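A structural walkthrough
Chain by chain, the residues:
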Amino acid sequence: MSLKDDKASIPSSYWEQEFISQDDSQLVTPSVRYRCPKCESLLIQKEGKNGLFWGCEAYPVCDYTANDENGKPVRAKRFLCPACQSPLRRKTFKENAFWGCSRYPECKITVEDDNGVPSGSKKYPCRECGHYLVRKKSKNGYFWGCIEYPKCNNTLNDEKGLPVLRRKR
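Quick caveat, the model's predicted, so the values are computed rather than measured. (Residues numbered from 1 in each chain as written. Predicted model: local features only at pLDDT ≥ 70, side-chain atom pairs only at ≥ 80, totals over all residues. Heavy atoms only, no water.)

Concerning the sheet that holds strand β9 (residues 124–125)
To summarise the sheet geometry, strands pair through backbone hydrogen bonds and adopt either a parallel or an antiparallel arrangement. Spatial ordering of the open sheet is given by β9-β10-β11-β12-β13, a layout of five strands whose pairing is antiparallel. Of all the strands in the sheet, the pair left with one neighbour each is β9 and β13 (162–164). Looking at chain direction, β9 and strand β10 (residues 132–138) are connected through two bridges and run antiparallel. Bridge pairing in β10 places Pro125 opposite Tyr132. (Pairing = 2+ DSSP bridges. Helix = DSSP H or I, 4+ residues; strand = E, 2+ residues; numbered from the N terminus.)

Details of the layout of surface pockets
As a volume, the largest pocket reaches approximately 810 Å³. Along the walls of the largest pocket sit 29 residues, with Phe98, Thr110, Lys136, Lys137 and Ser138 positioned nearest its centre. Tallying contributions element by element places strand β6 (residues 96–101) first for the lining of the largest pocket, with five residues. Tallied by class, residues from the lining of the largest pocket come to 13 nonpolar, eight polar and eight charged. Quantified by volume, the second largest pocket comes out at close to 440 Å³. Around the second largest pocket sit 13 residues that line it, and Ala76, Lys77, Arg78, Leu88 and Arg89 are the ones nearest its centre. Contributing elements (two or more residues each) for the lining of the second largest pocket: β3 (65–69) and β5 (88–93). With three residues, the top contributor of residues to the lining of the second largest pocket is β3. Of the residues that constitute the lining of the second largest pocket, the class distribution is seven nonpolar, two polar and four charged. (1 Å grid on protein atoms, 1.4 Å probe; cavity = no way out; pocket = protein on both sides within 12 Å on 5 of 7 lines; lining within 4 Å. Points joined across faces, edges and corners; volume = space filled by probe spheres on them. Nonpolar A, V, L, I, M, F, W, Y, C, P; charged D, E, K, R; others polar.)

Examining the packing of aromatic side chains
Within the structure shown, the criterion is met by two aromatic pairs. Note on Tyr34 and Trp54: the rings are 5.3 Å apart at their centroids and 80° apart in plane angle, and the pair reads as edge-to-face. Of this pair, Tyr34 sits in the loop between α2 (12–20) and β1 (43–48) while Trp54 sits in strand β2 (residues 51–56), and the two are 20 residues apart along the sequence. Seen from their ring centres, Phe79 and Trp99 are 5.4 Å apart, and the 70° between their planes marks the pair as edge-to-face. (Phe/Tyr/Trp six-rings, centres within 6.5 Å; stacked < 30°, edge-to-face > 60°.)

Brief notes about the sheet that holds β3
With antiparallel pairing, the four strands of this open sheet are ordered in space as β1-β2-β3-β4. Because the sheet does not close on itself, it has two edges, and the strands there are β1 and β4 (72–74). Within the sheet, the average angular offset between the axes of one strand and its neighbour, ignoring direction, is 45°. Direction of pairing for β1 relative to β2: antiparallel, over a ladder of six bridges. Of the residues in β2, the one forming a bridge with Lys46 is Phe53. (Axes fitted to C-alpha atoms, helices over the stretch in contact; angles between N-to-C directions.)

Things to note about the pattern of salt bridges
Evaluation of the coordinates by the stated rule reveals one salt bridge. Between Lys38 and Asp63 there is a salt bridge; the shortest N-O distance is 2.6 Å. Here Lys38 is found in the loop between α2 and β1, whereas its partner Asp63 is found in the loop between β2 and β3, with 25 residues between them in sequence. Comparing Lys38 with Asp63, the two get one shared label, exposed. (Salt bridge = Lys/Arg side-chain N within 4 Å of Asp/Glu carboxyl O. Buried < 20%, exposed > 50% of the residue type's maximum accessible area, 1.4 Å probe, protein only.)

Here it is as structure tokens:
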């Protein structure tokens, strides 16, 4: 009987049982490593003031971060300014939430908050300058204003979430 025949006669579970019976053996799930999309370093799960998140191990050289969802890094969705394409940032003032351009004060665009995301309202053209109107909230209620404010002061009243168009004279 050859050595090859001898190995074939031993069931594979025998080797598994021998491994498991060792005192210092541990069966664990393999750890998954996530790479930073900016610099290819590893991402590390960290805890901050708002809970768990993932950050690049090369910080402060690389400032990449991602939200933690079920133990995995998920990049937060970014929303862009309709006028200049810079990122929008969620802001709160008293009990009102809204989205403002990150280039403020150069770009004064604000967009209404719709359950944690910028309102994806239909675009209505501004009859004064050709850009478009966005729904805004003031102390007197909602209205529609041009995205080119303060260059263009065109506004329209709001009725049930839609601009009330004025008739041309």
